[in-house]
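Here is how the chains run, residue by residue.
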Amino acid sequence: MALTKWNQVKKSTKSNFITFSIVIGFYIVVQLLAAAGVLTNSFSGQLVPICAYVVMAVSLNLVVGFLGELSLGHAGFMSVGAFSGTLVWVSLYDVAPHWLALILAFVVGGAMAGIFGVIVGVPVLRLSGDYLAIVTLAFGEIIKNIMNAVYLGVDDSGLHFSLKDAASMNMAEDGKILINGAMGITGIKKTSTFTMGIILVLITLVVVLNLIRSRAGRAISAIRDNEIAAKSIGINITRYKLMAFVLSSVFAGMAGVLYSLNYSSLVAKKFDYNTSINILVFVVLGGIGSITGSLVGGILLGIAENLTAGFISTGYKDAIGFVIMILVLLIKPTGFMGYKFEEKV
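Reading the values: the criteria
- Residues numbered from 1 in each chain as written.
- Predicted model: local features only at pLDDT ≥ 70, side-chain atom pairs only at ≥ 80, totals over all residues.
- Heavy atoms only, no water.
- Helix = DSSP H or I, 4+ residues; strand = E, 2+ residues; numbered from the N terminus.
- Rg over C-alpha atoms; globule rule 2.2 N^0.38 Å.
- Contact = heavy atoms within 4.5 Å.
- Areas by Shrake-Rupley, 256 points an atom, 1.4 Å probe, with all protein chains shown as cover.
- Lys, Arg positive; Asp, Glu negative; His and termini not counted.
- Charge placed at Lys NZ, Arg CZ, Asp CG, Glu CD.
- Expected span 1.5 Å × (residues − 1).
- Buried < 20%, exposed > 50% of the residue type's maximum accessible area, 1.4 Å probe, protein only.
- Axes fitted to C-alpha atoms, helices over the stretch in contact; angles between N-to-C directions.
- Parallel < 35°, antiparallel > 145°, perpendicular 65-115°, else oblique.
- Nonpolar A, V, L, I, M, F, W, Y, C, P; charged D, E, K, R; others polar.
- Polar contact = N/O pair within 3.5 Å; in protein donor to acceptor, adjacent residues only side chain to side chain.
- Salt bridge = Lys/Arg side-chain N within 4 Å of Asp/Glu carboxyl O.

### Quick word on the overall build of the protein
Within the protein one finds 13 helices and 5 strands. Against the globule reference of 20 Å for 345 residues, the protein gives a C-alpha radius of gyration of 21 Å, in line with a compact fold. Projecting the C-alpha coordinates of the protein onto the three principal axes gives extents of approximately 70 × 55 × 40 Å. Counting only contacts in the protein whose residues sit at least 6 apart along the sequence, the fraction spanning at least 24 positions is 75%. In the form shown here, the protein has an accessible surface area of approximately 16800 Å², with 66% of it arising from carbon and sulfur atoms. The distance from the centre of the 23 positive side-chain charges to the centre of the 16 negative ones in the protein is 15 Å.

### Digging into helix α6 (residues 129-149)
Here α6 is 21 residues long and its end C-alpha atoms lie 31 Å apart, about the 30 Å a rise of 1.5 Å per residue gives. Those residues of α6 not exposed but buried are Leu132, Ala133, Thr136, Phe139, Gly140, Glu141, Ile143, Lys144 and Met147. Buried residues belonging to α6 abut α4 (74-92), α5 (98-124), β3 (176-180), α10 (237-260) and α11 (273-286).

### Here's the deal with the packing of helix α3 (residues 41-67) against α10
Packing of α3 against α10 brings their axes to within 9 Å, and their N-to-C directions diverge by 170 degrees. Classified by the angle between their axes, α3 and α10 sit roughly antiparallel to one another. Where α3 abuts α10, its residues Val48, Pro49, Cys51, Ala52, Tyr53, Val55, Met56, Ser59, Leu60, Leu62, Val63 and Leu67 lie against Lys241, Ala244, Phe245, Leu247, Ser248, Phe251, Ala252, Ala255, Leu258 and Tyr259. Grouping the amino acids of the contact of α3 with α10 by side-chain chemistry returns 19 nonpolar, 2 polar and 1 charged.

### Considering the side chain of Ser276
Topologically, Ser276 is positioned in helix α11. Residue Ser276 is classed as buried on the basis of its relative accessible area of 3%. Of the polar contacts made by the side chain of Ser276, one reaches the backbone nitrogen of Ala75; its length is 3.0 Å. In this view, Ser276 contacts Leu72, Gly73, His74 and Ala75; residues no more than four positions away in its chain are not counted.

### A look at the pattern of salt bridges
Side chains that carry opposite charge are capable of pairing whenever their charged atoms lie near each other. Under the criterion given, the structure shown has 4 salt bridges. When the shortest N-O distance is used, the salt bridge between Lys144 and Glu141 registers 3.2 Å. With Lys144 and Glu141 both in helix α6, this residue pair falls 3 residues apart, about one helical turn. Assessed through its relative accessible area of 19%, Glu141 is described here as buried. Among the salt bridges present, the one from Arg224 reaches Asp225, with a minimum N-O distance of 3.0 Å. Ionic contacts of the salt-bridge type, sharing partners, join the residues Glu69, Glu227 and Lys241 into one network.

Structure (structure tokens):
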């Protein structure tokens, strides 16, 4: 009887149920292992980054899998969100309730990343394929280099800014440096938790899954399948491309806030092109066009990198994901749960 009822449930509902069950199940298992004292400090410290990477992978899949465009600048949006959200957290930590400062940090981080998504998306989404990938990759590197050169401080007279050095800001002696060039932001009060990360993952899944099942989501998929045909039936190409790109940027910014508040310092070099490539690996490994696949890929690669950390030096850690991806794609070219799409004509 139960099996019959399950077979009568819509395919999308089954998929959503499985996706959310994976997240909740992962959370319960980790909590049980933590209560039993089985988890190592190293693995516990990687739980928040894993959640951040899952959010990044799911949001990137919205562009790569459902819009059909290759973006390699996701780390740039993560950096924008991380720095703007962390600035809010550091600035409000002593003057506002911590829960309010935290919410504002995520809101500002996501909003700033979304604004940059609009700025970048309007001209860039006129391109496609390799050209789009190159330009978005350049955006990520530009953001990293700018943040390495930014000096920002505050004193009684207000904010001070410089692209030269801290002394050029001419602050008062009691002034506070907020961003110190390549040293970034220091003295961050760590607040990110695994529970907070799971909540952000669930919020991301709810928004993205509802979008792709909506009329707008079907329009985005139609653009992926055949842009010319989509345009011929009246679909606003620019609008829906920008919608997917900006929403993806917003969640990348929020993931950046979650990631940055897990550490006591934040530097721009954490968000280089390698980070964008790693997130793309999560998407490809899980399956392009599969939200559940991005979720599974992010979790499995995060666990794999942690388990092999004691045997492989830090310099080769990023290679683990590529090796696993190659092995999986040799067996299943569409990834764990990916779909095969017809090529654009």
